[in-house]
Amino acid sequence: MLILKPYQRRTLDTLKRYLEAARLSGDPKAAYDELMQAAETPARPYLAIEGLETAPYVCVRIPTGGGKTFLAAHTVATAATSYLEQDFPVVLWLVPTNTIRTQTLEALKKPHHPYREAIDNAFDGRVSVFDIAEVETIRPQDLTERACVIVGTLATLRVDKTEGRRIYAHNENYEPHFARVTPNTPGLERIEEGPDRGKVKFSFANLLHLHKPLVIMDEAHNARTSLTFEVLQRIRPACIVEFTATPDTSRTSGSNVVLRVSAAELKAEEMIKLPIILKEHKNWQEAVRDAVLTRKKLEELAQGDGAHIRPIVLFQAESKEREVTVEVVLKHLTENELIPRERIAIATGSQRELDGIDLFDRRCKVEYIITVEALKEGWDCSFAYIFCSAANIHSGKDVEQLLGRVLRMPYAERRDQDELNKAYAFVSSPSFAQAANDLHDRLVSMGFEEEEASEFIQAPQQPLFSEDDLPLWSRREPDPLVVICGDGYKSEWLDQETPTGIMLHRGDDGELRLTVKGDITDELEEKIVAAAPKKAQAELRKAIVSHRRYILKTLSPSERGEPFRAPRLCVMVQGELELAERELFLDVCGWNLLDFPHALTPAEIAIDEGARTFEFDIKGKKVVYSLVDLEEQLDLSHVNTDWTEANLVRWLDKNVRQPDVRQEVLLEFLRRTVADLRERFRLDIAALVRSRFILAKVLVEKIKGFRLEACSRGYQETLFGPRAAVETTFDYSFSYDPNVYPAGWYYQGRFDLSKKHFYPVIGEMKNNGEEFECACAIAALKEVNKWVRNLANQPKASFWLPTATDRFYPDFVAELQDGRILVVEYKGEAYKTNDDSKEKRQIGMLWEEKSGGKGLFLMTEKRDAQGRDVHRQLAEKVRFR
C-alpha cells in the first residue's frame, strides 16, 4: 500500500479541519476565514457561488508531480467522516477530458491500484466505481450499502451534449430509486410535457440531487465558469473539492484555496526531480546531441542505483507544417546519433507506439520518445529525465505537460547519485536568459511560485562529463541580455549617452537586437523600456527581470556547500541520550487511556428532557439532535435496524482509532463510554447510531485532551523535575539540508535580506511588519555568519524545541562568527505575556542553559522592559558572554 507523504497527510488534515468546522458552524465561508486566519497564510476572501452558498467549495493547489489524484482518492474518506457523515458516500468525480476519464476509471477499478486501495481501505472494500455512461446499472442498494464513485467529465453533465441530455432525461430505469420519494419533494426537476406533466423526473440528475454527492474536480483550473456553476446547482452537491496546480484567481470566479503545496515541499518529500538543469543551444541538432549524451551518462550512473532506472529522453518535435517534424528528428537520431530504431518510440495522434508498452518493465528497450503533444494527458513515467525541444519553449501548454513528465522522481525516493535527482532541459534559444525566462513562465503555469520557478532553473555549474566523454558544457560567464526590440525602438537615448555594455545591432536575420551586459539599474531599466513600443514593454521588463535573476545571482551559503547545524535538546534515559520529544514524555508518564474517565462530561453532552433533545459540544460548537424527529422521521434505509451496542463500539473503534493506543484498550474505553450513555442518559441505540459521527468527533477530542494531559505531566517531569538530566548537544544536532527548504510561499520585498541567508530564497516572511524588522536586524549584525528563516511545521526541514503539547519552531536561527547558535523568537505586543509565549521562553532558556555556552536564545519584542529596541536586544545578546 502506498504510504502518504507528510505534505499529503498535512493536506488531508487541513481539509478535515476545514470540513469539520464547516459542519459544526453550518457556514462554509466563516470556516474558511477562520482557517486562513489561524494559518496566517495570504489568502483572498472566500467566494461563495450563488446557489451553492451552503456547500463547502474549496481548492487544494498542488504543483505538477504532487500526486493530486492520489490525494483526491483519500479525500473521499476525509469528506465522508468530517462533513457528509455518511458510511457510504456518493462521489461524482469530474475530470477535464475523456482521455483522463478513461485513465481514472481504469485506475479506480483496478483492485490493487493505489487510488482504489485508498478508497477500499476506508470503506472495507465496499466500493463500486461507475463510468457516467453506465449509471443506469446503479441499483438503490449500491447507493446505501457501498461507497459509489461515478467518473465523468463536466461536458457529460452539460445539457447541450448528447450525454448531458441523457443525464437530465426522464428514464424509467431509475424508478426504483424514487420509490420512497414524496411527490412534493422540493428542488427536483419535473416532467414538463405530456400526461405526466408536473411529476418528478426519474433522471440521474435528480438522483444525484437526492443523494447530495461529494464532487471531486480534478484539474479544475478551467472549470470555474458560469456554465459549470449552473451544472453544479442542478445536482446539489453537499461538498466540492478541487485539485489543481493553477487555481483560478479571478475576482468573479476564483477558487477558495484552502491549502497551497509548494514545489519546494514536493522536492523535500522526494516527489520530484529538482533543480532543472537548463542548457541552451544555437540549433536543435546540438540540443539533441547533448540530450543523447546526457542520457548515456545518466544510464551509467543508474547502474549503481539499487533500483531499476532506465533514463528516457522526451523529444518535442514541431508540427507537420514546420521544419523539425517527428520524421526529421527520427531520421537524425537513427542516422546521425546511430540510435537503434527499437529504442525509439513515436507518440503522436497517428503513431501510438507507446500503446500497450510498460516503460517500467526491465525488458522494455525504449530510451527515446518523440512527440508533439500526445503525451500531454495522463502519460506518466518517472524514468523520463530529459526534455529536449526542437520547438520554441515559450509556445505554451504542450511544453508544460512535457516538462511535467520529466519532473517525477523514480519510486518517489531520492537517489544516491545526485545527478539522478535532477531533471534536464535542452532547448534552442539565443541566450540562457531568454531560455530561462521562457522556462520560468512554463513552470509558473505548472503551479510553481514565481520565486521557486527562478530558483529551480539552473545553468550547469560544472561539466557533467570528463573531457573523454565530450563534455556537454563548460564553466563560462553568463550570457548578456539579448532581446529583439523591433524597428519601432527609439534609439536616440543610446546615441546621446552611449552607456557601456549596451549595444543596438541587426542580426543576420535582419532583426534589430539590443544587447546588455552586466548589471541593470532601475534607472537604466526605465530608459531601456521607455524606448520600446508600448506593446513590447511588458515582455521587455520580464526579460530584464530574468536577466537579473540569472546573471547577477550570487551563491548562498547552502549553494556553496556550507554546513549549518544547531544543537538539540536531549534527555539522559537509562544512561543514553534521547531526543526530547512527545513520544518520550508519554513513555515516561506511562500513557494508558484506561487511566482516564470514560464518561462524557456535562460540557460534552447535555439532555433537555422538556424539549426532548440531546446535544453534543465539540470545540465550543453545539450539535443538537431531536428525539422527536428521530422517532417520527428516522429513515430506516440509512440506519441499519440491526445495530447493537457491540456494532456501534466496533464502528467507533474504526473511526476513533489512535496510533498510540492499543486496539483492545480503545475498544474497552469505547464500550464503557457507550454503556454509560445508554444507562445514564437513557439514550437508545438508534439515537446513538444517528449521532455516531458527531459522537466520534467528541471522543477524538476527549482522547486528544487526555493525551495532552499525560504528555504535559511527562514533559514537566522529564525536563524540569528534580531528577531531570537534560543536555543541549551537537551530538544530536539538527542540520539544515542545503537542498531542502519547503517554504509554502516566499518573501517578495525589495529590501535585500538574502546576503547572509542560508538559502537563496527566504520563506514565509512578509515584506513588512515587526517580524520583517527583526529579520533585518539579524541580517545586519556583524556577528552573524549566516541565518535562516526557520519554517513552521516542518519537523524534517526546520529546527524545533519540544513543548508540553506540540513543537515550537522559532522564527529565526543564526550561526555567529564564533560558532555559537542564536535562536530568536519574535513576539508581538499582544502575545508576549500569554501562556504560549511563557512556555516557549521557558524551553528556549532551558536549551540555552544546558548548551554550555554553545547556544543563545532570545525572545525579542518591539521594545522590551528596559526600553531597548530589537536591534539593541539582539546586539547585546550576542555580545554578552
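Residues numbered from 1 in each chain as written. Predicted model: local features only at pLDDT ≥ 70, side-chain atom pairs only at ≥ 80, totals over all residues. Heavy atoms only, no water.

1. Quick word on the overall build of the protein chain
So, point 1. Along its length, the protein chain carries 27 helices and 29 strands.
So, point 2. Counting only residues that meet the buried cut, the protein chain has 53% of its 881 residues in that class.
So, point 3. Carbon and sulfur atoms form 48% of the exposed surface of the protein chain, whose accessible area is close to 40,700 Å². (Helix = DSSP H or I, 4+ residues; strand = E, 2+ residues; numbered from the N terminus. Buried < 20%, exposed > 50% of the residue type's maximum accessible area, 1.4 Å probe, protein only. Areas by Shrake-Rupley, 256 points an atom, 1.4 Å probe, with all protein chains shown as cover.)

2. With respect to the packing of aromatic side chains
So, point 1. Inspection of the entire model under this criterion finds 25 aromatic pairs.
So, point 2. With a centroid separation of 4.8 Å and an interplanar angle of 80°, the aromatic rings of Phe758 and Tyr759 are classed as edge-to-face.
So, point 3. Of the aromatic side chains, those joined through ring pairs into one cluster are Phe564, Phe734, Tyr736, Tyr741, Phe758 and Tyr759.
So, point 4. The lysine or arginine in question, Arg692, covers the ring of Trp651, its NZ or CZ lying 5.4 Å from the ring centre. (Phe/Tyr/Trp six-rings, centres within 6.5 Å; stacked < 30°, edge-to-face > 60°. Lys NZ or Arg CZ within 6 Å of the ring centre and 35° of its normal.)

3. With respect to unusual backbone geometry
So, point 1. Here the bond from Leu274 into Pro275 is cis, since omega is 5°, no more than 30 degrees from zero.
So, point 2. As for its position among the elements, Pro275 is in the loop between α10 (263-268) and β8 (276-281).
So, point 3. A positive phi angle, near 60°, is found at Tyr411, a position not held by glycine.
So, point 4. Structurally, Tyr411 can be placed in the loop between α13 (397-407) and β13 (423-428).
So, point 5. Classification of Tyr411 as partly exposed rests on a relative accessible area of 42%.

4. Digging into the confidence of the model for the protein chain
So, point 1. Summary statistics for the protein chain give a mean pLDDT of 84 and a share of 85% for residues scoring 70 or more.
So, point 2. Highest mean pLDDT in the protein chain belongs to strand β27 (residues 812-816) (98); lowest belongs to helix α20 (residues 627-633) (45).
So, point 3. A low-confidence stretch, residues 462-478 (pLDDT under 50), is modelled with 33 contacts involving residues beyond four sequence positions or located in other chains.
So, point 4. In this model residues 629-640 is a low-confidence stretch, pLDDT under 50, and it forms 15 contacts with partners more than four residues away in sequence or in other chains. (pLDDT = per-residue confidence, 0-100. Contact = heavy atoms within 4.5 Å.)

5. Quick notes on the sheet that holds β27
So, point 1. Strand order across the open sheet formed by 4 strands is β24-β27-β28-β29, with mixed pairing between neighbours. In the strand order of this sheet, the two ends are held by β24 (784-789) and β29 (855-860), each with one partner. Ignoring which end each strand starts from, the neighbouring axes of this sheet average 20° apart.
So, point 2. In the sheet, β27 pairs with strand β28 (residues 821-826) via 4 bridges, with the strands oriented antiparallel. (Pairing = 2+ DSSP bridges. Axes fitted to C-alpha atoms, helices over the stretch in contact; angles between N-to-C directions.)

6. Here we look at the pattern of salt bridges
Pairing is possible between side chains that carry opposite charge, provided their charged atoms lie close to one another.
So, point 1. Under the defined criterion, the tally for this structure stands at 57 salt bridges.
So, point 2. Its salt-bridge partner being Asp196, residue Lys199 comes within 3.4 Å of it at the nearest N-O pair.
So, point 3. You can call Asp196 partly exposed: its relative accessible area is 32%.
So, point 4. Across the salt bridge formed by Lys702 and Glu604, the nearest N and O atoms sit 2.9 Å from each other. Within this pair, whereas Lys702 is found in helix α24 (residues 692-720), its partner Glu604 is found in the loop between α19 (582-589) and β20 (605-608), the two being separated by 98 residues in sequence. Note on accessibility: Lys702 and Glu604 belong to one class, buried.
So, point 5. Here the salt bridges share partners, and the residues they tie into one network are Arg295, Glu299, Arg343 and Glu367. (Salt bridge = Lys/Arg side-chain N within 4 Å of Asp/Glu carboxyl O.)

7. Some remarks on the sheet that holds strand β19 (residues 576-579)
Either a parallel or an antiparallel arrangement is found when strands of a sheet pair, and the pairing is made through backbone hydrogen bonds.
So, point 1. Read from one edge of the open sheet, 3 strands run β19-β18-β23, paired in antiparallel fashion. Two strands close off the open sheet at either side, each with one partner strand: β19 and β23 (726-735). In this sheet, neighbouring strand axes are inclined to one another by 50° on average, regardless of whether the strands run parallel or antiparallel.
So, point 2. Sheet analysis places strand β18 (residues 565-573) next to β23, joined by 6 bridges and oriented antiparallel. Pairing of Arg568 across the sheet is with Thr729, part of β23.

8. Side note on the nonpolar core
So, point 1. Formed by 139 residues in total, the largest nonpolar core has its most connected members in Tyr18, Trp93, Ile150, Phe204 and Phe315.
So, point 2. In terms of residue count, helix α3 (residues 68-84) provides more of this core than any other element does, 9 residues in total.
So, point 3. With residues up to four places along the chain from it excluded, the contact list for Phe204 reads Ile132, Val135, Ile138, Ile150, Ile167 and Tyr174.
So, point 4. The next biggest cluster of nonpolar side chains, apart from the first, holds 73 residues, and it includes Phe585, Val623, Ile843 and Met859. (Core = buried A, V, L, I, M, F, W, Y, C linked by side-chain atoms within 4.5 Å.)

9. Some remarks on the side chain of Glu189
So, point 1. Mapped onto the fold, Glu189 is located in the loop between α7 (162-168) and α8 (204-211).
So, point 2. Looking at Glu189, its side chain comes within polar contact range of the side chain of Arg234, at 2.7 Å.
So, point 3. When sequence neighbours within four positions are dropped, the list of residues in contact with Glu189 reads Tyr168, Val200, Lys201, Asn206 and Arg234. (Polar contact = N/O pair within 3.5 Å; in protein donor to acceptor, adjacent residues only side chain to side chain.)

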